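Architecture at a glance
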Amino acid sequence: MKRVILLIATNIAVMLVLSIAAQLLGINRFITAGGLNMGSLLAFAGLMGFGGAFISLWMSKIMAKWSTGARVIEQPSNETERWLLFTVRKLADRAGLPMPEVAVYEGEPNAFATGASKSSSLVAVSTGLLSSMTEQEVEAVLAHEIAHIQNGDMVTLTLIQGVVNTFVFFLARVVGYLVDNLLRRNDEESSSGTGIGYFITVIVCEIVFGILASFIVMYFSRQREYRADAGAARLLGSPQPMIAALHRLGGVHAGELPQNMAASGIAGGAGLMGLLSSHPSLESRIAALQAVR
């Protein structure tokens, strides 16, 4: 509940910051005089920016089960499933968390945690991970995912995504309006409202600003992976199991998760020299763990 309140409070704060900045820079007076309603624009930016992120967060567990085919273990059918439930419960107790749902899905080595809150979370592991790692290494991966839940990482990343989305929607439309007015400045026959220049500029700006925003979101995503690794080391009392698990991941082909869940996995691919990667390299994660031994 605290995270939800923080989400709403941040939304309001972003609206205030954008409004004050527009007032100080004189943008508010200029575009309002030209016919653009600043209040409506701010409300639209907040709704689109945080609304989509908020809905994605609340649907994250359902979508994760559906997109990966994960099967929640209600009653363990074999020794592996019994061990999984026992280990997750043990780690959750150490972290002071309610017992999350535990699921298994078919696929190459990977694992993820998701959910809208600490009391409504899911930890899932692939059959490939279970077959390619020792129990100690799987326990380290599970501890990493439990640390994500303990840190509230799903909500935090949603919060950051909502903030940058709001700025993208707001700035794209302000720039679009300014460009459209500039293009039609000497056109005495132009009708009121916005023209084609507005719509084209908004589309281009949303693409450009969206890419720039992704650098910010992915940076925070990489930082949370370091924190989850360190959290796993604390839960297990030693960084060595997590180091061993990361070494093992480096020697196998990690399974890819659906695009909307790529940041949730234990490992992720790199893009544009790592700047658009949701995860740091395995080497840097191992080095960070070795530095605190």
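Everything below is about the structure printed above this text.
Just so we're clear, the structure is a prediction, and the values are computed from it rather than from any experiment.

Reading the values: rules and limits
Counting starts from 1 at the beginning of each chain's written sequence and moves along it residue by residue. Totals for whole chains, interfaces and linings use every residue, but because this is a predicted model, local features are given only for residues with pLDDT of at least 70 and side-chain atom pairs only at 80 or more, for both listing and counting. Here the side-chain values reflect all heavy atoms present in the structure, with hydrogen atoms and water set aside. The axes used here are C-alpha line fits, helices contributing only the stretch in contact, and every angle between their N-to-C directions lies in the interval 0 to 180 degrees. Put simply, DSSP H or I for four residues or longer makes a helix, DSSP E for two residues or longer makes a strand, and each gets a number counted from the N terminus. Working rule for angles: under 35 degrees goes down as roughly parallel, over 145 as roughly antiparallel, 65 to 115 as roughly perpendicular, anything else as oblique. Each crossing is labelled by how the near helix is turned from the far one, with a counterclockwise turn of less than a right angle marking it left-handed and a clockwise turn marking it right-handed. For this analysis, residues touch if any pair of their heavy atoms sits within 4.5 Å. Residues were grouped as follows: Ala, Val, Leu, Ile, Met, Phe, Trp, Tyr, Cys and Pro as nonpolar; Asp, Glu, Lys and Arg as charged; and all remaining residues, including Gly, as polar. Identification of polar contacts relies on pairs of N or O atoms within 3.5 Å, with a donor-acceptor requirement for protein atoms, meaning one able to donate a hydrogen and the other able to accept it, and with residues adjacent in sequence counted only if both atoms are side-chain atoms. Relative accessible area decides the class of each residue, using a 1.4 Å probe on protein chains only: under 20% of the type maximum gives buried, over 50% gives exposed, and in between gives partly exposed. We define a salt bridge as a contact between a side-chain nitrogen of Lys or Arg and a carboxyl oxygen of Asp or Glu at a distance within 4 Å. As used here, the term nonpolar core means buried Ala, Val, Leu, Ile, Met, Phe, Trp, Tyr and Cys residues forming a set that is joined through side-chain atoms within 4.5 Å.

The geometry of helix α9 (residues 196-236) relative to helix α11 (residues 282-291) is characterised by a closest axis approach of 10 Å and an angle of 45 degrees between their N-to-C directions. Classified by the interaxial angle, the pair formed by α9 and α11 is oblique. Our pair here, α9 against α11, has a crossing hand that is right-handed. Contacts between α9 and α11 involve Glu225, Tyr226, Asp229, Ala230 and Ala233 from the first element and Ser284, Arg285, Ala288 and Leu289 from the second. Here the contact of α9 with α11 is composed, by residue class, of five nonpolar, one polar and three charged.

This part takes up the packing of helix α7 (residues 135-151) against α9. Across the interface, α7 lies against α9 with an axial gap of 7 Å and an inter-helix angle of 115 degrees. Like other packed secondary-structure pairs, α7 and α9 cross with a definite hand, here right-handed. On α9, the residues that touch Glu139, Ala140, Ala143, His144, Ile146, Ala147, His148 and Asn151 of α7 are Arg224, Glu225, Arg227, Ala228, Asp229, Gly231, Ala232, Leu235 and Leu236. Its residues placed into classes, the contact of α7 with α9 shows eight nonpolar, four polar and five charged.

Moving on: the side chain of Arg224. Looking at the element boundaries, Arg224 is found in helix α9. Here Asp153 takes part through its backbone oxygen, which lies 3.4 Å from a polar atom of the side chain of Arg224.

Let's shift gears to the environment of Thr68. When you line up the elements, Thr68 lands in helix α4 (residues 60-68). Using a relative accessible area of 15% as the deciding quantity, one classes Thr68 as buried. Of note is the side chain of Thr68, whose polar atom sits 2.7 Å from the backbone oxygen of Ala64. Engagement of the side chain of Thr68 in a polar contact is seen with the backbone nitrogen of Ala70, the distance being 3.3 Å.

Take the pattern of salt bridges next. Side-chain pairs of opposite charge can arise whenever the charged atoms involved come near each other. For the structure on display, the rule yields 11 salt bridges. Between Arg71 and Glu81 there is a salt bridge, and its shortest N-O distance comes to 2.5 Å. One end of the pair, Arg71, is in strand β1 (residues 71-72); the other, Glu81, is in helix α5 (residues 79-95), and 10 residues separate them in sequence. For Arg71, a relative accessible area of 42% corresponds to the partly exposed category. Residue Glu81 is classed as buried on the basis of its relative accessible area of 5%. The closest approach of N and O atoms between Arg82 and Glu79, which form a salt bridge, is 3.4 Å. A residue pair is termed a helical-turn pair when its members lie 3 or 4 positions apart in one helix, as Arg82 and Glu79 do in helix α5 at three residues.

Here His279 lies in the loop between α10 (240-250) and α11. Its relative accessible area of 3% is what places His279 among the buried residues. Of the polar contacts made by the side chain of His279, one reaches the side chain of Ser278; its length is 2.8 Å.

Before going further, it helps to spend a moment on the nonpolar core. Leu84, Leu142, Ile146 and Met242 are the most contacted members of the largest nonpolar core, which has 41 residues in total. Setting aside anything within four residues of it in sequence, one finds Ile146 in contact with Val88, Leu91, Ala92, Ala95, Leu97, Pro100, Val123 and Leu235. One finds Val72, Ala103, Tyr105 and Leu122 within the second-largest nonpolar core, a separate group that totals nine residues.

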